[in-house]
There are 2 protein chains.
Amino acid sequence: MVAIRSAEIIAVGSELLTPHRTDTNSLFLSGRLNELGIEVRAKAIVGDDLGDLADILRQALGRADLVVITGGLGPTEDDITREAVAAVLDRPLFEDAGIIATLEARFAERGFAMPANNRKQAQVPRGAMVLPNPKGSAPGLWIGHGDRVVVALPGPPRELQPMFDIGVAPRLAGVTAGRRWRRRTIKLTGRAESQVDEVAREIYSPLQHAAVPVHTTILATPGQIELHLAAAGADIAAVDTALDAAVTALATALVPYVFSVDGRSLEAVVGDLLRAKRLRIAVAESCSAGLVLGRLTDVPGSSEWVVGGIVAYDNEVKVTHLDVSRDLLGAHGAVSEQVASAMADGVRRRLGADVGLGITGVAGPAGGSPEKPVGTVVVAMSGIAPAVRTFRFPGDRQMVRQFSTAAALDLVRRALLAP
Amino acid sequence: MVAIRSAEIIAVGSELLTPHRTDTNSLFLSGRLNELGIEVRAKAIVGDDLGDLADILRQALGRADLVVITGGLGPTEDDITREAVAAVLDRPLFEDAGIIATLEARFAERGFAMPANNRKQAQVPRGAMVLPNPKGSAPGLWIGHGDRVVVALPGPPRELQPMFDIGVAPRLAGVTAGRRWRRRTIKLTGRAESQVDEVAREIYSPLQHAAVPVHTTILATPGQIELHLAAAGADIAAVDTALDAAVTALATALVPYVFSVDGRSLEAVVGDLLRAKRLRIAVAESCSAGLVLGRLTDVPGSSEWVVGGIVAYDNEVKVTHLDVSRDLLGAHGAVSEQVASAMADGVRRRLGADVGLGITGVAGPAGGSPEKPVGTVVVAMSGIAPAVRTFRFPGDRQMVRQFSTAAALDLVRRALLAP
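Sequence positions are assigned chain by chain, starting from 1 and proceeding in written order. All chains are assigned letters beginning at A, and all ligands numbers beginning at 1, according to the order in which they are written. Where totals are concerned, whole chains, interfaces and linings use all residues; where local detail is concerned, this predicted model gives features only for residues with pLDDT of at least 70, and gives and counts side-chain atom pairs only at 80 or more.

Each helix and strand counted, chain A has 13 helices and 17 strands in total. In terms of principal-axis extent, the alpha carbons of chain A reach across some 80 × 60 × 40 Å. A total of 419 residues make up chain A; the buried ones form 49% of that total. Any two residues are considered in contact once their C-beta atoms, placed from the backbone, lie within 7 Å. The contacts in chain A between residues at least 6 apart in sequence include a share of 67% that link residues at least 24 apart. In this text, helices come from DSSP runs of H or I with a minimum length of four residues, and strands from runs of E with a minimum of two, each type numbered from the N-terminal end. Backbone-placed C-beta atoms define the burial measure: a residue is buried with 20 or more other C-beta atoms within 10 Å of its own, exposed with 12 or fewer, and partly exposed in between.

Here it is, written out as structure tokens:
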């Protein structure tokens, strides 16, 4: 087999042709393929139509060394990827007994008999290698075909991503040559995209013209900015050195907003800090109403550092369960630094934690006033390193809640980092 | 010219093949085309490569009545859309004097002479109609070619969108057969995709061959299945009748799993039920740790029916804040129907709510046992219509938490619906 240098990606599914959804798996796949030194030459999105998929697959194989197909591997009549691959590569389908056994075991574990239509997922084109799917029922396929390779993976990202990393990337690494792309990600919070860009631009402009050019992209979501750095070359050590220097320069210029340069999420960084200091946290949430606790406990093992919390959506709960006095509520209002601090204190003492965190705000669309418009949010920390901050976030209800959650976690991060 | 019924969309630009960007113009275009009764059959994304674009355009014209190309109309060497269209349709390019005059005036207005490379934007395939671009320098193209139409529009959405609405939509309206697409969505929970498909298939198979054919797609995420129905026709009333009949047949067959046929989320449906019955809810969460409260309060106005909750991540919090007895925890374990029910009772009484909801389970990756493996989750409701259910969910930590959240909300929905 000759080296794999170029790829095309085909996403299958009629829902991806509607006005409200489109393929996003190809972004993940492009990143991984680029890292392996494989260029993505084109992408296609096709409905659940056997003829159209076969047509587009045939044409892609005429241009690219590798074609990755995503979706269309489910158990329903709609799912036509197996048939299309079999037709284009002229390899008849047969039923794989190993897949049947795996599917039956999977359903038995949940106390069901395997529905008859799942049998379809055991159909495999002759000569294909089956890629196990630990997170779902649809196995993937790897088919070497002359000097070409066809890979088929299920559509759900949580199934596709580990299958690519475990089953596809190592096989591709053996058949690609030379140049590799390497990437770094800097994650930060507490700044707007334009503020980050203004600081970072002076650093990354010259990087694009260095001996090993470093390409940068900025990506913003509510409460989080990511700087993506990428560089390519045959000499991996030189590429890594260039990227590390760029990360250091950017992270230094953007202290104290940077929370990770190693891919960790903000909640994982906060969890690591709490664990290292042997501290346990309790959270009192009003406008964020569970989202801060939801993120903190998204980290495996978080029961070590999260005690729990009180969601005080009704002001009465702030009084009865967080010991916020009615006088304080009356004097300053529920969205105030005084009340946020009292919430943090109350939840820390009530739940016996070392650190207390309080979040209160106006998420909207109703509830705003001239003094405290929609988007006004106060976060407070109690116990170790008491702190309180007031924010005015832009956007709709959902954005304000996301911003609040990030701001609360970041308050803890910064307080625990302080010397 | 025959009627235009189907379209393909091709986005041109190498930046759209990187890991951080993809085509989004096709979402806008799909919406507009569907409104005009035109089905989008496939989409492609191609780099700035003349050969690849020509290849993909040729193939698209073999399948669809209309091909819309976005991007690649700028003044630089990279911009190859005009050349590709000219090559595929075999219509030589000539320089359009009108475009040159418009470009010169545009630059003169800003006090510049027209740069030499902008002259390229005046190249037009013979027989093409020029579509003016009030917001940029790149004019668009409309080319009737036998019974096919090719449209080329610039990539920036603020240029493309008004050009489509002003220059393209009215022309298409004249050549479509008056067919319009309409859509419906059925949302359900509590079943696996294959189980839903097995029930639904007998209903929707004949629908595809009815007088007004109804097309269906099934989409699954952890804790939610969506059935998307679409139909087209010149007689909108007949299309709506066919869709409504299909929705009724499917929703009837899938009671009690269907929670909405009008687009509402599960948390909005639960909120509407609570509000209608003037009931207020409080939630005690362990494995879901805030996610149920987060979803309930995602609905604007939810302070009317959500009191708040206790996140009892540590068992000690279950005892001190939810009145779960140590004996009960010792006898049955934290993940048990007894403890879930006690949590629901405790949070309801402590927070003075009408309805209490308790969620406890093993989200993993650690904490499983042979009797209670990872994925074991118990949800309980107290107050109005007490109920308790044990589940065994598949997947990783994140999936188990999503499944738990949907199961808890659905327990409330079903209890409040019961006569």
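Okay, back to it.
With that settled, consider helix α4 (residues 97-109) of chain A. Here α4 of chain A is 13 residues long and its end C-alpha atoms lie 18 Å apart, about the 18 Å a rise of 1.5 Å per residue gives. Backbone geometry just after α4 of chain A places G111 of chain A at a positive phi near 80°. Expected helix span is given by 1.5 Å per residue-to-residue step, counting one fewer step than there are residues.

This brings us to unusual backbone geometry. Residues other than glycine predominantly adopt negative phi, and peptide bonds predominantly adopt the trans conformation. Cis geometry is found at the peptide bond from G364 of chain A to P365 of chain A, where omega equals 0°. As for its placement among the helices and strands, P365 of chain A is situated in the loop between β15 (355-361) and β16 (376-383). One non-glycine residue, D90 of chain B, lies in the positive phi region at around 55°. Position of D90 of chain B relative to the elements: it lies in the loop between α3 (81-89) and β4 (93-95). Owing to 9 C-beta atoms within 10 Å, D90 of chain B belongs among the exposed residues under this scheme. In this model, R278 of chain B sits at a positive phi of 50°, which is unusual for a non-glycine residue. Here R278 of chain B shows up in the loop between α8 (266-276) and β13 (281-285). On the neighbour-count criterion, R278 of chain B (9 C-beta atoms within 10 Å) is exposed.

Turning to the sheet that holds strand β15 (residues 355-361) of chain B, a few remarks are in order. Pairing is mixed in the open sheet, where 10 strands are placed in the order β17(A)-β16(A)-β15(A)-β13(A)-β14(A)-β14(B)-β13(B)-β15(B)-β16(B)-β17(B). Strands at the two margins of the open sheet, each flanked by one partner only, are β17 (387-392) of chain A together with β17 (387-392) of chain B. Between one strand axis and the next, the sheet turns through 10° on average, direction left out of account. Pairing between strands is defined by DSSP: at least two bridges between them are needed. Sheet topology places β13 of chain B next to strand β14 (residues 306-312) of chain B; 5 bridges connect them, and they run parallel. When the bridges of β14 of chain B are listed, E285 of chain B appears paired with V311 of chain B. Lines fitted to C-alpha atoms define the axes, with helix axes restricted to the stretch in contact, and inter-axis angles between N-to-C directions lie between 0 and 180 degrees. The strands touched by helix α13 (residues 397-417) of chain B within the sheet are β15, β16 (376-383) and β17 of chain B, with β16 of chain B carrying the most contacts at an inclination of about 30°.

This part covers the domain arrangement of chain A. Residues and elements named next belong to chain A. Looking at the assigned domains, one finds that chain A contains domain 1 (6-173), domain 2 (180-260) and domain 3 (266-417). If you average the C-alpha positions of domain 1 and of domain 2, the two centres end up 33 Å apart. Between domain 1 and domain 2, the residue contacts involve 5 residues of the former and 4 residues of the latter. Polar here means any residue outside two lists: the nonpolar Ala, Val, Leu, Ile, Met, Phe, Trp, Tyr, Cys and Pro, and the charged Asp, Glu, Lys and Arg; Gly therefore counts as polar. Of the residues contributing to the side of domain 1 that touches domain 2, the split by class is 1 nonpolar, 3 polar and 1 charged. Segment limits for the domains were obtained from an automatic or database-derived domain assignment.

Take the sheet that holds strand β10 (residues 215-221) of chain A next. Residues and elements named next belong to chain A. Here 4 strands make up an open sheet; going across it, the order is β10-β11-β9-β12 and the pairing antiparallel. Two strands lie at the open edges of the sheet, namely β10 and β12 (258-260), each paired on one side alone. Between one strand and the next, the sheet's axes are offset by a mean angle of 30°, whatever the strand orientation. Inspection of the sheet shows strand β9 (residues 180-188) paired to strand β11 (residues 224-233) by 9 bridges, in the antiparallel sense. What sits directly across from R183, in β11, is A230. Packing of helix α7 (residues 236-254) onto the sheet brings it into contact with β9, β11 and β12, and relative to β9 it is tilted by some 15°.

Turning our attention to the packing of helix α2 (residues 50-63) of chain B against α3 of chain B. Residues and elements named next belong to chain B. Closest axis-to-axis distance for the α2/α3 pair is 9 Å, and the angle between their directions is 50°. Judged by the angle between their axes, α2 and α3 are oblique. Seen along the crossing, α2 lies across α3 with a hand that is right-handed. Contacts between α2 and α3 involve L50, L53, A54, L57 and R58 from the first element and T81, E83, A84, A87 and V88 from the second. Tallied by class, the residues present in the contact of α2 with α3 amount to 7 nonpolar, 1 polar and 2 charged. For classification purposes, an angle smaller than 35 degrees is called roughly parallel, one larger than 145 roughly antiparallel, one from 65 to 115 roughly perpendicular, and anything else oblique. Crossing handedness is defined as follows: a turn of the near helix away from the far one that is anticlockwise and smaller than a right angle gives a left-handed crossing, while the clockwise case is right-handed.

Turning our attention to the nonpolar core. I281, M343 and L357 of chain A together with I281, M343 and L357 of chain B are the most contacted members of the largest nonpolar core, which totals 154 residues. At 10 residues, α13 of chain B tops the list of elements feeding residues into this core. Membership of the second largest hydrophobic core comes to 95 residues, among which are L29, L160 and M163 of chain A together with V46 of chain B. Here, a nonpolar core means buried Ala, Val, Leu, Ile, Met, Phe, Trp, Tyr and Cys residues linked by C-beta atoms lying within 7 Å of one another.

On to the interface of chain B and chain A. Taken together, the contact pairs 58 residues of chain B with 59 residues of chain A. Of all elements in the fold, only α1 (25-35), β2 (39-46), α2, α6 (193-207), β10 (215-221), α9 (291-296), β14 and α13 of chain B reach the threshold of two or more residues within the side of chain B that touches chain A. Broken down by class, the residue content of the side of chain B that touches chain A amounts to 26 nonpolar, 20 polar and 12 charged. Of the strand pairs in this sheet, strand β14 (residues 306-311) of chain A and β14 of chain B are connected by 4 bridges, and their pairing is antiparallel. Counterpart to I310 of chain A in the pairing with β14 of chain B is I310 of chain B.

The next point concerns the pairing of β15 of chain A. All names here are of chain A. Of all 7 residues that make up β15, 7 are buried, and the element is covered over most of its length. Going residue by residue along β15, you find V355, L357, I359 and G361 tucked away on one face and G356, G358 and T360 tucked away on the opposite face as well. For strand β13 (residues 281-285) and β15, the ladder comprises 5 bridges, and the chain directions are parallel. Bridged to A282 within β15 is G356. Two elements, β15 and β16, share 7 bridges in a ladder whose sense is antiparallel. Along β16, the bridge assignment pairs T360 with V378.

All names here are of chain A. Look at helix α6 (residues 193-207) against α7: their axes get within 10 Å of each other, and the N-to-C directions meet at 155°. The angle between α6 and α7 falls in the class roughly antiparallel. You can see that α6 and α7 cross each other, and the crossing is right-handed. Along its contact with α6, which presents V196, V199, A200, I203 and L207, the element α7 presents A246, A249, L250, A253 and L254. For the contact of α6 with α7, the class distribution of residues is 10 nonpolar, no polar and no charged.

Residues and elements named next belong to chain A. Taken as a whole, helix α8 (residues 266-276) has its buried residues at L266, E267, V269, V270, G271 and L274. Residues of α8 that are buried sit in contact with β12, β13, α9 (291-296) and α13 (397-417). Once α8 finishes, R278 follows within two positions and takes phi at roughly 55°, a positive value.

The subject of this paragraph is the environment of A231 of chain B. All names here are of chain B. With respect to the secondary-structure elements, A231 resides in strand β11 (residues 224-233). Sequence separation between A231 and W181 is 50 residues; the distance between their C-alpha atoms is 5.6 Å. Not counting the four nearest positions on each side in its chain, A231 is found in contact with R182, V212, P213, V214, H215, V239, A242 and L243.

Quick look at the environment of G375 of chain B now. Considering the arrangement of structural elements, one finds G375 of chain B in the loop between β15 and β16. Among residues more than four places away in sequence, those in contact with G375 of chain B are V362, R392, F393, P394 and V400 of chain B.

So, about the environment of V355 of chain A. All names here are of chain A. Inspection of the secondary structure assignment puts V355 in strand β15. Residues V355 and V307, spaced 48 residues apart in sequence, show a C-alpha to C-alpha distance of 9.9 Å. With near-sequence residues (within four places) excluded, V355 lies in contact with L279, I281, R348, M381, G383, I384 and V412.

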